[in-house]
Amino acid sequence: ILVTGVQTCALPICGLSTSSFKVHPDEAIGVFNGTVRIVPSLKAPGFCNAEARAGLMAKMPDASSAIAGGLVYTVMSTGTLSSFKASFGTGFQYNFGSYKADFDVPADGQFHQVYIPFTAFSNKWSAATGEPTTKCSPSHKEVCPNTKVLRSLGSIGIWAEGAAGDFHLEVKSIAAVPSKPSTLY
């Protein structure tokens, strides 16, 4: 899917946090850059998110055949933050209704493939911390992604939240895969 625009948070709920997302077509990468700051009234970190949506007449690819696998984010980090959240949702489940899962990437200036199984995602998470309030499990399948959701993707994104600091994340690709790749770099 060609990303022509990515939305970033500019709301008071983001706190004093700021971010940008710029696509560099010559290098075939997107750059998510910013600072997560402490929200004074909450005495806790705000958040930044970058989210690509399909658009009015566009459609994201059907990822339902990958339900037994997950997502592979190919990313490079050079900021002080190394923990992020992957997110996706349907056209009606974005931002605060999306599925989210944690991922870490070394801040070493090298591209890394990070595999995040769909079983790590939940759509029941705290708006204050971003952490799941109910984790995906056999006893809580209602919060897990399913083929219907993966068939009708409307958004995919990255969140910087849960810790204050600067981040610089370069995104080369995000792909749905049917199983964990045998080799990741």
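The text that follows walks through the structure, step by step, so that each part is easy to find. (Residues numbered from 1 in each chain as written. Predicted model: local features only at pLDDT ≥ 70, side-chain atom pairs only at ≥ 80, totals over all residues. Heavy atoms only, no water.)

A separate point is the state of the cysteines. Summed over all chains, the structure comprises one disulfide. Each sulfur in the disulfide pair Cys136 and Cys144 lies 2.1 Å from the other. In this structure the cystine formed by Cys136 and Cys144 twists about its S-S bond by roughly 110°; its chirality is therefore right-handed. (Disulfide = S-S within 2.5 Å.)

Reading across from one edge, β2-β3-β12-β7-β10 is the order of the five strands in this open sheet, with antiparallel pairing throughout. The open sheet is flanked by β2 (18-24) and β10 (112-117), the only strands paired with a single partner. If you compare each strand with its neighbour and ignore which way they point, the axes differ by 30° on average. With eight bridges connecting them, strand β7 (residues 70-77) and strand β12 (residues 165-177) associate as antiparallel partners. Within the sheet, the bridge partner assigned to Ser77 lies in β12 and is Leu169. (Pairing = 2+ DSSP bridges. Helix = DSSP H or I, 4+ residues; strand = E, 2+ residues; numbered from the N terminus. Axes fitted to C-alpha atoms, helices over the stretch in contact; angles between N-to-C directions.)

Where a strand is regular, its side chains alternate between the two sheet faces. Strand direction decides the pairing type here: β2 and strand β3 (residues 29-36), joined by seven bridges, are antiparallel. Paired with Phe21 across the two strands is Phe32, which belongs to β3. Two successive antiparallel strands, β2 and β3, enclose a turn made up of four residues, where Ala28 displays a positive phi of approximately 55°.

We now examine the side chain of Ser126. Of note, Ser126 is situated in the loop between β10 and α1 (147-151). Of the polar contacts made by the side chain of Ser126, one reaches the backbone nitrogen of Thr129; its length is 3.2 Å. If sequence neighbours within four positions are ignored, Ser126 has contacts with Glu131 and Thr133. (Polar contact = N/O pair within 3.5 Å; in protein donor to acceptor, adjacent residues only side chain to side chain. Contact = heavy atoms within 4.5 Å.)

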